[in-house]
Amino acid sequence: MDYPETYYISRKAELLKQFEEELRLWSPFIFAPYGEINAYRIIQDSRKCFEELIPQIPYIGGDANRRTETLIQSVQFLAFYQAMKKHGKTAEEAGKILFNALSARAEKIPAKTLPEGWKDRDEYYQIRKKGAAESQEKRYPADYVYAFVPGDGKKFDYGYDYSECATVKFFREQGADEFMPFCCYLDYPICRARGLGLTRTMTLGQGNAKCNHRFSPGKETKLEWPPPFLKKETKPVVRRKKKAEDMKAVNAFAKYLTATRYEDLPPAAVAAAKQEVLDSLATALGGSSRAGVAELVDMVKEWGGAKQSTVIGYGLKVPAPSAAQVNGTMIHALDYDDGHQVALVHIGCVAVATAFAAAERMGKVSGKEFITALALGADFVSRLSLASKPGGSIIATGWHPTTLFGFLSSAAIAGRIFGLDEDKMINALGLAYHQCGGAGSGVADGALAKRMGPGLAAKAGVTSALMAERGITGDRDPLEGKTGLYKMYMGGDYDPKALTAGLGKRFEGVNIGDKPYPCCGLTHAAIDAVLALQAKHNIKPDKIKEVTIVASQSAYDLSQPPEVKKNPRTIIDAQFSVPYVVAVALMQGRVAVGDFTDESVKRPEILKMAQKITTVLDTSMNRHGVGPSTVTITMQDGKIYKEHVEHCLGSVERPMSLDDIARKFRECAPSSIKPLSKEKIEKVVDMVGHLEKLDDAAEIIRLLG
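**Structural notes on the overall build of the chain**
Here's step 1: Scanning the chain from terminus to terminus reveals 29 helices and 13 strands.
Here's step 2: Each principal axis of the C-alpha distribution contributes one length, and for the chain these read about 95 × 75 × 45 Å.
Here's step 3: Going through the 705 residues of the chain one by one, you find that 56% of them count as buried.
Here's step 4: Considering only residue pairs separated by 6 or more positions, the chain has 73% of its internal contacts joining residues 24 or more positions apart.
Here's step 5: Counting every atom, the chain has about 29,600 Å² of accessible surface; 53% of that belongs to carbon and sulfur.
Here's step 6: Charged side chains of the chain number 93 positive and 85 negative; the gap between the two group centres comes to 3 Å.

Given below as structure tokens:
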């Protein structure tokens, strides 16, 4: 028996699964015009929209009414349209993608196939006529009400005239009138797939007095785009010819980076910037005592220079570029710092190190201006990476995107804080591009070079902004020029739309994820799965027979070669090893800072467990960013435990709060090269929480010097 209040809620899991299947079929037609990154976001938002719509779908009889499934399908289309609209797309664009996807499915059906339920023509028509008569009773307020229309066998065989339509009503309630004509036009490929032979459809959404449909079962439905209601004679639009400068992304960015005000930022971007600061300071304290940092400090001491900017933990002031280099390195040293999980760039290690160094050199930079610079920098660097290698992986090509794009984002942040105008901002970006580098080979080699990259980028970015401030010129089109970044470093493989779409309206900083574990983010879904299984089943590590992890290409690569990843040579090896971090999670029920020292990565009990772990590649899990993982634990007594994690803790879908980051700050503080009092720790947490109220943002870093 159906219960109106809970009918759709009780079917939620089933409906979401059905929608996942539909999205899988639609996805190639979304990827084609928008690229993989944007398509991924549209698909993710479609899921969210559909889940939110499920409880709102009007009850029209549930299983007893065959048109319930018609309504559900319409809501699937509506969810996709809402997601497209959120990304600045039109009703026509959404309709075209769905039409093409459904048409491709329909083309696989042989023409003139008779519809399901067809045994005898007269019997089939009688059933349809009976259904129409029952609809006239209208037992539910939102139902479909329609009359059966007999045909002449020439133009059509039978049809329906709708006086009321549940789909139209629901679309209007959701403010989607403009999409209704396109939704109705989708009946053509749907009917083609069902062998119904649709010859005409009209909809109330087009302003008609009624909806009506005309069918000829077993005959072919003509599929064409655009729909007839879009075929209008239009005069050619005369557009102003753009100047070459107008077409360059670098000019749009220069204007954006110099003209955007704190008041232009959405609250979510402000909150994300503050969280970025506290997270970066947390990992800086933890990283200040790690290998490579003290050596850098000795080097910048040897260089000497103006005492402009603070080096965290060392009681030292050095020239701004040097401070940015050391602080950027220590923020990244634990691989515990934040990052954009689709763009695959760490943000704070370059951004926060740059911003504090530049702010101290500049003097009296307000909290609001500091936040603005960080929000703009996070958006800029994320866009640079999101536009790269659409449909592919920049990491797979050998680059470390955090470092590569960090040169440019550091110059942008420092340039903003130094008050550069548009022309000088372009010079700063051009000078930074002249220094761009960032090979990913340090990971495979287990080398300290990996943690050095962000510091090098921060140093170069601050230097570039200082040079531009003094009038030194740089490349005028460092991004899209003939010898620009995307041509020289990506072979021209980039998506120009992803660079500037929604610039000033959509801030990618809100999509930054924070790390709950001090190791590569690509391992986190597997860690989450293991910890979930431990919590549910209280698994005894010594009773485990074997562990299998099914993961994407990126996570699988962190299990290769097995002889290194199961027996890490260095801390870097361990940070980028799926078998090691999973073994730690299984043995300890947590993964923490103390698990990544020269001594801890050699613990026999952890390495013994790592030998039981196998990673299996599943390319369907590949994402442009951090993917899911499935962990299966087989016990010695034959019991099997399995857990799938689609989105890891700290992702946009499962975010950490500012309070969570404050706990992380307190966890990392004891690892600082210079001990901090509890009072000072809490003061920093409070100051970052109220950063927008500070007259001088650099007060924070001076507390940590």
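**Considering helix H3 (residues 67–86)**
Here's step 1: Relative to the 28 Å expected for 20 residues at 1.5 Å per residue, H3 spans 29 Å between its end C-alpha atoms, a close match to the ideal helical length.
Here's step 2: Taken across its 20 residues, H3 has 15 buried, putting it largely inside the fold.
Here's step 3: Positive backbone phi, approximately 80°, marks Gly-88, located one or two places after H3.

**A few points about the pairing of strand S13 (residues 640–645)**
Here's step 1: Only one face of S13 is buried: it carries Tyr-641, Glu-643 and Val-645, and the other face, with Ile-640, Lys-642 and His-644, is open.
Here's step 2: Bridge count between strand S12 (residues 629–635) and S13: 6 bridges; the pairing is antiparallel. Directly across from Val-631, in S13, lies its bridge partner Glu-643.
Here's step 3: Taking the residues that link successive antiparallel strands as the turn, the S12-S13 hairpin has 4 residues, and the phi of Gly-638 there is positive, at about 95°.

**As for the sheet that holds strand S9 (residues 512–513)**
Here's step 1: The antiparallel open sheet is built from 3 strands, whose spatial order is S8-S7-S9. The outermost strands of the open sheet, each flanked by one partner alone, are strand S8 (345–346) and S9.
Here's step 2: Where strand S7 (residues 339–340) meets S8, 2 bridges bridge the pair, whose relative direction is antiparallel. Note that in S8 the partner of His-340 across the bridge is Val-345.

**A look at the sheet that holds S12**
Strand-to-strand pairing in sheets goes through backbone hydrogen bonds, with the strands running parallel or antiparallel.
Here's step 1: Taking strand neighbours across the sheet as the criterion, the 4 strands line up as S11-S10-S12-S13 in an open arrangement whose pairing is mixed. The open sheet has two edge strands, strand S11 (613–617) and S13, and neither has a second partner. Neighbour-to-neighbour, the strand axes of the sheet open up by a mean angle of 15°, direction not taken into account.
Here's step 2: In terms of strand pairing, strand S10 (residues 544–551) meets S11 through 5 bridges, oriented parallel. Directly across from Thr-548, in S11, lies its bridge partner Thr-614.
Here's step 3: Seen against the sheet, helix H21 (residues 524–537) touches S10, S12 and S13 and runs at an angle of roughly 135° to S13.
Here's step 4: Strands S10, S11 and S12 of the sheet are contacted by helix H25 (residues 578–588), whose axis makes an angle of about 130° with S11.

**Section: the pattern of salt bridges**
Should their charged atoms come close, side chains of opposite charge can pair.
Here's step 1: Enumeration over the complete set of coordinates arrives at 35 salt bridges.
Here's step 2: Of the charged contacts, one joins Glu-14 and Arg-11 as a salt bridge, the two residues approaching to 2.9 Å between their closest N and O atoms.
Here's step 3: With a relative accessible area of 37%, Glu-14 lands in the partly exposed category.
Here's step 4: Look at Arg-11 and you get buried, because its relative accessible area is 10%.
Here's step 5: Lys-389 is paired through a salt bridge with Asp-493; the nearest N and O atoms lie 4.0 Å apart. Placement of Lys-389 in the loop between helix H14 (367–386) and helix H15 (401–417) and of Asp-493 in the loop between helix H19 (485–490) and helix H20 (496–500) is noted, with a sequence separation of 104 residues between them.
Here's step 6: In this structure Lys-389 comes out as buried when scored by relative accessible area, which is 16%.

**A closer look at H14**
Each full turn of the α-helix corresponds to 3.6 residues, which orients residues three or four apart in the same direction.
Here's step 1: Over its 20 residues, H14 extends 28 Å from the first C-alpha to the last, a length consistent with the 28 Å expected when each residue adds 1.5 Å.
Here's step 2: Burial of H14 is extensive: 18 of the 20 residues sit out of reach of the surface.

**Some details on the side chain of Ser-309**
Here's step 1: For Ser-309, the location among the structural elements is in strand S5 (residues 309–311).
Here's step 2: Residue Ser-309 is classed as buried on the basis of its relative accessible area of 0%.

**Considering the pairing of S10**
Here's step 1: For S10 and S12, the ladder comprises 7 bridges, and the chain directions are antiparallel. Bridge pairing in S12 places Thr-548 opposite Thr-632.

**Points about the packing of aromatic side chains**
Here's step 1: Under the counting rule described, the total for this entry stands at 35 aromatic pairs.
Here's step 2: Seen from their ring centres, Phe-19 and Phe-50 are 4.5 Å apart, and the 35° between their planes marks the pair as tilted.
Here's step 3: When its relative accessible area of 0% is taken as the criterion, Phe-50 is described as buried.
Here's step 4: These aromatic residues form a ring-pair network of at least three members: Trp-118, Tyr-124, Tyr-125, Tyr-144, Tyr-146, Phe-148, Tyr-158, Tyr-160, Tyr-162 and Phe-215.
Here's step 5: The cationic tip of Arg-214 hangs over the ring face of Phe-156; the distance from NZ or CZ to the ring centre is 5.2 Å.
Here's step 6: The ring of Tyr-336 has Lys-664 lying over it, and the distance from NZ or CZ to the ring centre is 4.1 Å.

**What to know about the packing of helix H11 (residues 293–303) against helix H12 (residues 320–332)**
Here's step 1: For the pair H11 and H12, interaxial distance at closest approach is 10 Å and the crossing angle is 175°. The angle between the axes of H11 and H12 places the two elements in the roughly antiparallel class. Taken together, the residues of H12 that come into contact with H11 (itself represented by Val-293, Leu-296, Val-297, Val-300 and Trp-303) are Ser-322, Gln-325, Val-326, Thr-329 and Met-330.
Here's step 2: Residues that form the contact of H11 with H12 fall into these classes: 7 nonpolar, 3 polar and no charged.

**Points about the state of the cysteines**
Here's step 1: With the rule as written, the count across this model stands at 0 disulfides.
Here's step 2: Not engaged in a disulfide, the cysteine Cys-191 finds its nearest cysteine sulfur in Cys-184; these two sulfurs lie 9.7 Å apart.
Here's step 3: For Cys-191, a relative accessible area of 6% translates into the label buried.
Here's step 4: Cys-349 supplies the cysteine sulfur nearest to Cys-436, a cysteine that is in no disulfide, at a spacing of 15 Å.

**Quick notes on unusual backbone geometry**
Here's step 1: Omega for the bond connecting Trp-225 with Pro-226 falls within 30 degrees of zero, at 10°, which places this linkage in the cis form.
Here's step 2: Structurally, Pro-226 is set in the loop between strand S4 (211–215) and helix H9 (249–259).
Here's step 3: Residues Gln-560 and Pro-561 are joined by a peptide bond in cis, for which omega reads -10°.
Here's step 4: In this fold, Pro-561 is placed in the loop between helix H22 (553–557) and helix H23 (562–565).
Here's step 5: Phi at Asp-335 is positive, roughly 55°, even though this residue is not glycine.
Here's step 6: Positionally, Asp-335 belongs in the loop between H12 and S7.

**Details of the nonpolar core**
Here's step 1: Ranked by internal contacts, the top residues of the largest apolar core, which has 119 residues, are Leu-281, Phe-370 and Leu-408.
Here's step 2: Top element by residues in this core is H14. It accounts for 11 residues.
Here's step 3: If near-sequence neighbours (up to four positions away) are discounted, Leu-281 is found in contact with Ile-312, Phe-356, Phe-665, Val-684, Val-688, Ile-700 and Leu-704.
Here's step 4: Formed by 65 residues, the second largest nonpolar core is a distinct cluster that contains Ile-57, Tyr-59, Tyr-81 and Cys-211.

**Here we look at the side chain of Ser-382**
Here's step 1: Along the polypeptide, Ser-382 turns up in helix H14.
Here's step 2: Each residue touching Ser-382, except ones within four places of it in the same chain, is listed here: His-340, Ala-343, Val-345, Ile-347 and Glu-508.

What counts as what
Residues numbered from 1 in each chain as written. Predicted model: local features only at pLDDT ≥ 70, side-chain atom pairs only at ≥ 80, totals over all residues. Heavy atoms only, no water. Helix = DSSP H or I, 4+ residues; strand = E, 2+ residues; numbered from the N terminus. Buried < 20%, exposed > 50% of the residue type's maximum accessible area, 1.4 Å probe, protein only. Contact = heavy atoms within 4.5 Å. Areas by Shrake-Rupley, 256 points an atom, 1.4 Å probe, with all protein chains shown as cover. Lys, Arg positive; Asp, Glu negative; His and termini not counted. Charge placed at Lys NZ, Arg CZ, Asp CG, Glu CD. Expected span 1.5 Å × (residues − 1). Pairing = 2+ DSSP bridges. Axes fitted to C-alpha atoms, helices over the stretch in contact; angles between N-to-C directions. Salt bridge = Lys/Arg side-chain N within 4 Å of Asp/Glu carboxyl O. Phe/Tyr/Trp six-rings, centres within 6.5 Å; stacked < 30°, edge-to-face > 60°. Lys NZ or Arg CZ within 6 Å of the ring centre and 35° of its normal. Parallel < 35°, antiparallel > 145°, perpendicular 65-115°, else oblique. Nonpolar A, V, L, I, M, F, W, Y, C, P; charged D, E, K, R; others polar. Disulfide = S-S within 2.5 Å. Core = buried A, V, L, I, M, F, W, Y, C linked by side-chain atoms within 4.5 Å.

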